[in-house]
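Okay, here's what each chain looks like letter by letter:
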Amino acid sequence: MKQDIVRLSPDALGYKDRGKMKWIGLMLSDHAEALKKQKQGARDILISPKPRQSMEDISGCLYRSYTNKNPLAVQLDIINEGQYLPDIEGFVVGVKGDAVFIRQRDRTLKRIVLEDIRHIDWLNASDWFEKYTRQNVSI
């Protein structure tokens, strides 16, 4: 005759451990505090304005990024809390009307209105793609 082995956990038997709930609450508060410090640290970095480029230069850079998949850094002409926003880094994947779509490093799309672009810088393509597409392959 075959005997089945039955394993029961304290949770399955109805035991309610408040220690788990307290631990989860503790971790959430620590995580929220760490995120707050990180956001404050990012806000303390002073972003200087770059020279304003003409619309012809901007559209030429956007076209080159779209056709050749060259990564670029876009500074917007938007001031938030007294300073410029951080550059948006990526490459152009599409255009619709007066907006440009940029694929960022985390593969998200960012929609940018052409009138909001102040300056475009080129990024080193080998650094951009090597850091984020290189895979360690062991033979």
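Enquirer: What am I meant to see in unusual backbone geometry here?
Expert: The general pattern is negative phi for most residues beyond glycine and trans for most peptide bonds. The residue K69 is not glycine, and still its phi comes out positive at about 55 degrees. Take K69: it is sitting in the loop between helix 2 (55–68) and strand 1 (72–76). For K69, a relative accessible area of 35% translates into the label partly exposed. Here R107, not a glycine, exhibits a phi torsion of approximately 70 degrees, which is positive. Tracing the chain through its elements places R107 in the loop between strand 5 (99–103) and strand 6 (109–113).

Enquirer: Would you take a moment to explain the nonpolar core for this structure?
Expert: Note that soluble globular proteins tend to have their nonpolar side chains buried in a common cluster. By size, the foremost hydrophobic cluster in this structure holds 13 residues, and its most contacted members are L62, L72, V74, I102, I112, I117 and I120. Every element with two or more residues in this core is listed here: helix 2, strand 1, strand 4 (88–96), strand 5 and strand 7 (117–122). Excluding residues that lie within four positions of it along the chain, I112 makes contacts with V74, L76, I88, D98, A99, V100, I102 and I117.

Enquirer: Before we go on, may I ask you to explain the confidence of the model for the protein in this structure?
Expert: For residues with low pLDDT, the predicted coordinates do not support detailed interpretation. Within the protein, residue pLDDT values average 81, and 80% of them lie at 70 or more. Highest mean pLDDT in the protein belongs to strand 5 (94); lowest belongs to helix 3 (residues 125–133) (66).

Reading the values: the criteria
Residues numbered from 1 in each chain as written. Predicted model: local features only at pLDDT ≥ 70, side-chain atom pairs only at ≥ 80, totals over all residues. Heavy atoms only, no water. Helix = DSSP H or I, 4+ residues; strand = E, 2+ residues; numbered from the N terminus. Buried < 20%, exposed > 50% of the residue type's maximum accessible area, 1.4 Å probe, protein only. Core = buried A, V, L, I, M, F, W, Y, C linked by side-chain atoms within 4.5 Å. Contact = heavy atoms within 4.5 Å. pLDDT = per-residue confidence, 0-100.

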